[in-house]
Amino acid sequence: MADPMKIRANVVGDSTEVKVLMNHEMETGQRKDAQGKTIPAWFIQNVKVTHNEKVVLNAQWGPAVAKNPFLSFKFKGGAKGDKVKITWTDNRNDTRTDEATIA
Amino acid sequence: MIARLRIAAAIALGVTAVAIGGAFAQSSTVDEIAKYREALQDGNPAELWEARGEEMWTTPRGPKRVSFATCDLGLGPGVVKGAYAALPRYFADAKSVMDLETRLVWCMVNQQGISEGDATKIKFGDGSARRSDLEALAAYVTSQSRGVEMKVPVNEPHVRDMYRLGEQMFFYRGGTHDFSCATCHGEDGKRIRLQDLPNLTKTEGAQKAYTTWPAYRVSQGELRTFQWRLNDCFRQQRFPDLVFGSEASIALTTYLAGRANGAPYNGPAIKR
């Protein structure tokens, strides 16, 4: 089971600013270990963010995204106390969902 | 003829442009690194370590099933807020001056019943599968001192002795390269590759350096503590391995922490 994300969501004017840190290796598949063996690719492929069951962001990621990725974005609407739910899925089909309350 | 003159002028201009560009490169590299740090500041993955450490702090651990609620970092059992800004300090129960990491190990051994070998088995993580509890705990404890003014009790006799020992070590030259810490950290404008090195003999440099450790090292994907920093400095100096939690490591930490007194603590930071 992957480690939890760290999510902050704040109302800024008429939109909501979401900042999220994810815990992930993000291995590119291009690196080799000390024995010269290729380290298999392992990275987040999909990130989905919902606000009140409505999808506000759906991203397809590749191996070029850094380890322990940080994502910041805004969406229109959202009120204090609303829930923002974030799900990532990686290429091993491992997935993690975390939720935060908009402040 | 005119065309030739024009070409000559163009070449002359080109040369000037290159010369300006060259002079520009050094300062713009420093600026770019500063910009890079600023851009990362907002999403510092150190927070992931802080979160893991916080959970560990409150969870009963070891054979005695005791949490860190009984662990005294100098401000009372379980008190974390502001504790790091006043470390290292003298602990009467252990009869020695301790920095954060050695104190954490002491609590694990003496209060939670974990063997010293297990407590210090993974001192430094490798950024992936080998994860260090000490690094996560250090991230959490230090995060609780953010903004707190550094107040290492350097006038306390035990701490003062350690501070003086650390000062001697800082200027002591040795090893195959006849290096001291001051060789790299005793002058302005020194650098390793493109990284500027802080001048630790100046108050400003010492404060800026000490208050930004521990830090998340982007290039290593790992949170690094001050014990790690010293350990790696020793390696770079070609000194014998610095023993984790040894008197030497605590003396140097005490000296550098004491030199940072008066500045607000600003970690865990993020570094290249």
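Details of the structure are given in the entry above.
Notes on the structure in this doc start here. (Residues numbered from 1 in each chain as written. Chains lettered and ligands numbered in written order. Predicted model: local features only at pLDDT ≥ 70, side-chain atom pairs only at ≥ 80, totals over all residues.)

Here we come to the nonpolar core. Residues and elements named next belong to chain B. Membership of the largest hydrophobic core comes to 68 residues, with the highest contact counts inside it found for Leu-137, Val-141 and Leu-256. Sorting elements by how many residues they give to this core places helix α5 (residues 133-143) first, with 7 residues. When neighbours within four sequence positions are excluded, Leu-137 is seen to be in contact with Gly-53, Met-56, Trp-57 and Leu-104. (Core = buried A, V, L, I, M, F, W, Y, C linked by C-beta atoms within 7 Å. Buried ≥ 20, exposed ≤ 12 C-beta atoms within 10 Å, placed from the backbone. Helix = DSSP H or I, 4+ residues; strand = E, 2+ residues; numbered from the N terminus. Contact = placed C-beta atoms within 7 Å.)

We now examine unusual backbone geometry. Residues and elements named next belong to chain B. The peptide bond linking Trp-213 to Pro-214 adopts the cis configuration, its omega dihedral lying at -5 degrees. If you trace the backbone, Pro-214 turns up in the loop between α8 (203-210) and β5 (215-217). Each neighbour pair has its own omega, and for Gly-267 with Pro-268 the value is -10 degrees, a cis peptide bond. For Pro-268, the position within the fold is in the loop between α10 (247-259) and β7 (269-271). Its identity as a non-glycine residue notwithstanding, Lys-95 has a phi of 55 degrees, on the positive side. When you line up the elements, Lys-95 lands in the loop between β1 (89-91) and β2 (96-98). Residue Lys-95 is classed as exposed on the basis of its 8 C-beta neighbours within 10 Å. For Asp-178, which is not glycine, the phi torsion reads 50 degrees and is therefore positive. With respect to the element layout, Asp-178 can be found in the loop between α6 (157-171) and α7 (181-185).

Residues and elements named next belong to chain A. Strand order in this open sheet of 4 strands is β4-β3-β6-β7, and the pairing throughout is antiparallel. Edge positions in the open sheet fall to β4 (54-60) and β7 (95-101), since each of these has one partner strand only. Taking each pair of neighbouring strands and ignoring which way they run, the sheet shows an average axis angle of 15 degrees. Judged from the 6 bridges that link them, strand β3 (residues 44-51) and β4 form a sheet pairing that is antiparallel. Note that in β4 the partner of His-51 across the bridge is Lys-54. (Pairing = 2+ DSSP bridges. Axes fitted to C-alpha atoms, helices over the stretch in contact; angles between N-to-C directions.)

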